[in-house]
Amino acid sequence: MQLSRLLIATLREDPADAEIPSHRLLARAGYIVKTAAGIYTYSPLMWRTLKKVAQIVRDELDRESAQELMMPILQPRELWESSGRWERYVADGIMYTLKDRKGTDLCLGPTHEEVITAFADATITSYKQLPVNLYQIQDKFRDEIRPRFGLMRGREFIMMDAYSFDADAAGLDESYAAMSRAYHRIFERCGLEFGAVQADAGAIGGSGSEEFMVFADAGEDAILRCSASGYAANVERADSIAPAAPSGGDPRPIEKHETPDIRTVEQLEGFFSMPAAAMAKTVLYEVKYAESEAVVAVMMRGDLAINEVKLANRLDCLALELASDDKIRQATGAEVGFAGPVGLPEEVRLLADETLRGATNLLTGCNETGYHCLNVNFGRDCREPEFHDVRLARAGESAPGGAGELEEVRGIEVGHIFKLGTKYSSAMDATFSSQQGKPEPFVMGCYGIGVSRTAQAAVEQNHDEAGIIWPPAIAPFEVVVAVLDPKKDEQTALGQQIYDRLRESGIDACLDDRKLRPGPKFKDLELLGFPFQVTVGRGAADGVVEFCERRNREKQEMSVDEAIAKCREALTAPAVS
Ligand code: ATP
Ligand code: MG
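Note that the structure is a prediction, hence the values are computed from the model and not measured.

1. Details of the overall build of the protein
Counting its regular elements, the protein contains 14 helices and 31 strands. Classification of the 577 residues of the protein by burial places 52% in the buried group. For the protein, contacts bridging at least 24 residues in sequence account for 70% of all contacts bridging at least 6. A distance of 5 Å separates the average location of the 65 positive side-chain charges in the protein from that of its 91 negative side-chain charges.

Okay, structure coming up:
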C-alpha cells in the first residue's frame, strides 16, 4: 500500500471531547471519526487494526475448537420474553427497541444469549454432539448512559461473543478453562499488559466469572489485588479481612441520647467521643423486584462501607438505589440521619453486615429525629437482623487468606468469561437428550471480548507524547518505508525495492511516498505509530538507509540488507504458546 493512495486525515488539534490519551490520539491520527455520541466510523487504517485483533481472536478460539457463526442483530421481543429478560433490559434502558411496520417489537442485540440458546435447542439434539462452543464477531448495540472515551464505551461497538454448551458442570469447567487459555493468548498476542480478576457473577453467584483487565489509569474499573497471594478481584466482587473493631463487652442497659442535628458518623464520633467501629450506621435502600418494590434497611459498621453490587446479589433484586429523603421519612418516621434498628417498622426488612454479627453495645439511630441510642444489642433492643456479607473491600485491608495487603489499581475490562449454568436453557426449555435418553437443559457458559475496546486499550498502554506506538501484531502496518524526497528517482526506486522485499518476507509493510516535507512527514508517522520505520534519504545512492523503532525513536544508519534483516528479526518473534 502506498500512503499517497491511502486516505489519511490527521488533525492538528485534539478533539474537544477526548478526555484520555488513547481517545485523543486515535481521533487526532484520524483512525476514528465520530458519527454521533458513542458511534464511530473506523478509517481504513483503523479497520486494518480491528481486522487484525479479530483475526487473533479467531485463531485462538479456533485452536480451542470453537466454531464461528453469525447471528442476527435484529431480534424479536418474544425471544427475549422466553428468557424473561425483555422487561429488565427495557427498564434498564440499555437496549435499543423498535417496531416493525406491523407493530411487532424488536431490539438491536445488546448480547445474544437468547438467540444462541434457541439455535442450540434447534440444532443440538443429543449428548453425543456436545460439547459445542459457538462464537461470532459482530456489532453490538447498547444505549449506554455515558458513552465516552472513544471506542472504550460506545453505543455501537464490536464484540466477540461466544457461548459454550455442555452436558454437565464438569464439561462446563473444561469449556471455561479452554476459553480462559484462549483469552490469555489473545491479549498476550495483542501486546497488552493484563490480568484476569474475579468478577461479579450476579445473583447466580459461584466462582465462575472472571474479567480480563488491561491495567491503565484511565480504566473505568477498580481492581483490588494482593501481590503476596496473587488475589485479584473487581472491587464489585472483592472480599477482604475487615480491620478489627474494639470489643463491645457485656450488654449494658440501652441509653437514649438527644443528638440534635448530629447525623453523620463523623459527627457522632465527635459527639460521643467514640470510634466509628463501635457504631452501626443504618442505610435505607429502595429496592425493585420484578413484581414489587420495597424499602430495605442495611446496617454497616461505622468505619466500613456497603458494596451495593453484593447487596443487590443478596437481595436478588432487579435494581436498588439509596432511598430518597422522602422515602426515608416515610419508612422510619424520622428525618434523614436518625435511622436505626431500634423501633424500625416491621415492614422494613433489616439486613446487617457479617462484621456486626455478635457485636454488642452499639451506637445506632432509633428512628426518632434528634435521638440516637447507646448500648444497642440485637435481639434485645431490636429484632435480630439477617446477616450477610455486603461489605465493600478497600485498599489497605488484608486480602482473603491474610497473606498481604490489598492495593487498588485501575483497569479496562477487555474480556469477560462467565459460567451461566442452566439459567437460559432452563428458562427457554432448551434441552438435549442425555445418555439415559432424558431431556436435560444445556449447561452453558458465555464469553465476551470487546474487540474495538481492546484496540483502543492497546493505545492507552502504548503511546508517548508524539503519538501511538502500535504493538506489532495489531498495527495497521508493521513497517513503513518512508521515502524522504519522492521527487528523487533513486530514493523512490530504493524505497519501492525495500517495500517489495519486505512484502516478499511476509511483512505487512507500507510505502510512504507522500510529497510532504521531512518534518511534517516524520511527525505524521510518529503520530500514526507504525512500529518500525525504514527511511530512504540522501544515503540512497550508497544503499544506506535509516532504521528506527517507534518505541524508542532511536535512529540507526545501516545497509538495506541489514535494515530488512532487522525488520524480519523483530517481526518474527516466537508465537505465544
Ligand atoms: P462494562 O462493565 O464495561 O459496561 P459489561 O460487563 O457490560 O461491560 P459484557 O456484557 O461483559 O460488558 O461484554 C463483553 C465485553 O464487551 C466487555 O468485556 C467489554 O470489553 C466489551 N464492551 C462492553 N460494553 C462496551 C461498550 N459500551 N463499548 C465497547 N466495548 C464494550
Ligand atoms: Mg462484563
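2. Some points on the side chain of D221
Within the secondary structure, D221 sits in strand β11 (residues 221-225). One buried charged residue, D221, forms no salt bridge at all, with the nearest opposite charge on R453 at 5.4 Å. Side-chain polar atoms of D221 contact the side chain of N234, separated by 3.2 Å. Apart from the residues within four sequence positions on either side, D221 is in contact with M213, N234, V409, R410, G411 and E413.

3. Quick look at the domain arrangement of the protein
By domain assignment, the protein separates into domain 1 (10-238 + 408-460), domain 2 (255-388) and domain 3 (477-572). Inter-centroid distance (C-alpha atoms) of domain 2 to domain 3 is 68 Å.

4. A word on the sheet that holds strand β6 (residues 105-108)
Here three strands make up an open sheet; going across it, the order is β4-β6-β5 and the pairing antiparallel. Each edge of the sheet is formed by a strand with only one pairing partner; in this case those strands are β4 (74-76) and β5 (96-99). With direction set aside, neighbouring strand axes in the sheet form an average angle of 35°. Where β5 and β6 come together, four bridges link them in antiparallel fashion. Residue Y96 lies in a different strand from β6, and its bridge partner there is L108.

5. A word on the packing of aromatic side chains
Centre-to-centre distance and the angle between the planes together describe a pair of aromatic rings. According to the stated counting rule, one finds 14 aromatic pairs in the structure shown. Ring geometry for F165 and F442: centres 5.4 Å apart, planes at 80°, overall edge-to-face. Of this pair, F165 sits in strand β8 (residues 156-166) while F442 sits in the loop between β23 (439-441) and β24 (443-450), and the two are 277 residues apart along the sequence. The pair formed by F165 and F442 is uniform in burial state, with each residue classed as buried. Relative to F212, the ring of F187 has its centre 5.9 Å away and its plane inclined at 35°; by these criteria the two rings are tilted. Of the two residues, F187 is situated in helix α6 (residues 169-189) and F212 in strand β10 (residues 209-215); the sequence distance between them amounts to 25 residues.

6. Thoughts on the packing of helix α2 (residues 44-63) against helix α11 (residues 451-461)
Running from amino to carboxyl end, α2 crosses α11 at an angle of 110°, the nearest separation of the two axes being 9 Å. It follows from the interaxial angle that α2 and α11 lie roughly perpendicular. In this structure, α2 meets α11 at a crossing whose hand is right-handed. Contacts between α2 and α11 involve M46, T49, L50, V53 and A54 on the former and, on the latter, V451, S452, T454 and A455. In the contact of α2 with α11, the residues fall into six nonpolar, three polar and no charged.

7. Things to note about the site of ligand 1
Inspection of the region around ligand 1 gives 15 residues, with R142, E144, R153, G154 and E413 positioned closest. Between ligand 1 and V414 there is a distance of 3.1 Å, counted from an oxygen atom to a backbone nitrogen or oxygen. H416 places a polar side-chain atom, nitrogen or oxygen, 3.1 Å from an oxygen atom of ligand 1. The protein chains hide 81% of the 580 Å² of surface that ligand 1 would expose on its own. Mapped by element, the contributors of at least two residues to the shell around ligand 1 are β8, β21 (407-421) and β24. For the shell around ligand 1, the leading source of residues is β21, giving four residues. Partitioned by chemical class, the residues of the shell around ligand 1 number five nonpolar, five polar and five charged.

8. Looking at the packing of helix α12 (residues 489-504) against helix α14 (residues 560-571)
α14 packs onto α12 with a crossing angle of 35° between their chain directions and a minimal axis gap of 11 Å. For α12 against α14, the interelement crossing comes out right-handed. Where α12 approaches α14, its residues L494, I498, R501 and L502 are matched on the opposing element by V560, D561, I564 and C567. Here the contact of α12 with α14 is composed, by residue class, of six nonpolar, no polar and two charged.

9. Digging into helix α1 (residues 21-28)
Within an α-helix, residues lying three or four positions from one another point in the same direction, as the helix has 3.6 residues per turn. Counting buried residues in α1 gives six out of eight residues, a clear majority hidden from the surface. Looking only at α1, the buried set comprises S22, H23, L25, L26, A27 and R28. Directly beyond the C-terminal end of α1, a positive phi value near 80° is found at G30.

10. Digging into the pattern of salt bridges
Evaluated as defined, the whole model comprises 50 salt bridges. Across the pair K52 and D508 runs a salt bridge whose closest N-O atoms are separated by 2.6 Å. In this pair, K52 is assigned in helix α2 and D508 in the loop between α12 and β28 (509-512), connecting sequence segments 456 residues apart. Across the pair, exposure class does not vary: K52 and D508 are buried alike. In this structure, a network of salt bridges that share partners links the residues D59, E60, R63, E64, R181, R185 and R189.

11. Things to note about the sheet that holds strand β18 (residues 362-365)
Backbone hydrogen bonds are what pair the strands of a sheet, in a parallel or an antiparallel way. Taken in spatial order, the three strands of this open sheet run β13-β19-β18, and their pairing is antiparallel. Strands at the two margins of the open sheet, each flanked by one partner only, are β13 (255-258) and β18. Within this sheet the neighbouring strands show an average axis-to-axis angle of 30°, counted without direction.

12. Section: the environment of V480
Note on placement: V480 falls in strand β27 (residues 479-483). Counting along the chain gives 53 residues from V480 to Q533, while the straight-line C-alpha distance between them is 4.9 Å. In contact with V480, other than residues within four places in its own chain, are L3, C510, D512, L525, F530, F532, Q533 and V534.

What counts, and where the lines are drawn
- Residues numbered from 1 in each chain as written.
- Chains lettered and ligands numbered in written order.
- Predicted model: local features only at pLDDT ≥ 70, side-chain atom pairs only at ≥ 80, totals over all residues.
- Heavy atoms only, no water.
- Helix = DSSP H or I, 4+ residues; strand = E, 2+ residues; numbered from the N terminus.
- Buried < 20%, exposed > 50% of the residue type's maximum accessible area, 1.4 Å probe, protein only.
- Contact = heavy atoms within 4.5 Å.
- Lys, Arg positive; Asp, Glu negative; His and termini not counted.
- Charge placed at Lys NZ, Arg CZ, Asp CG, Glu CD.
- Salt bridge = Lys/Arg side-chain N within 4 Å of Asp/Glu carboxyl O.
- Polar contact = N/O pair within 3.5 Å; in protein donor to acceptor, adjacent residues only side chain to side chain.
- Domains from an automatic or database assignment.
- Pairing = 2+ DSSP bridges.
- Axes fitted to C-alpha atoms, helices over the stretch in contact; angles between N-to-C directions.
- Phe/Tyr/Trp six-rings, centres within 6.5 Å; stacked < 30°, edge-to-face > 60°.
- Parallel < 35°, antiparallel > 145°, perpendicular 65-115°, else oblique.
- Left-handed = near helix turned anticlockwise from the far one by under 90°.
- Nonpolar A, V, L, I, M, F, W, Y, C, P; charged D, E, K, R; others polar.
- Near = heavy atom within 4 Å.
- Areas by Shrake-Rupley, 256 points an atom, 1.4 Å probe, with all protein chains shown as cover.

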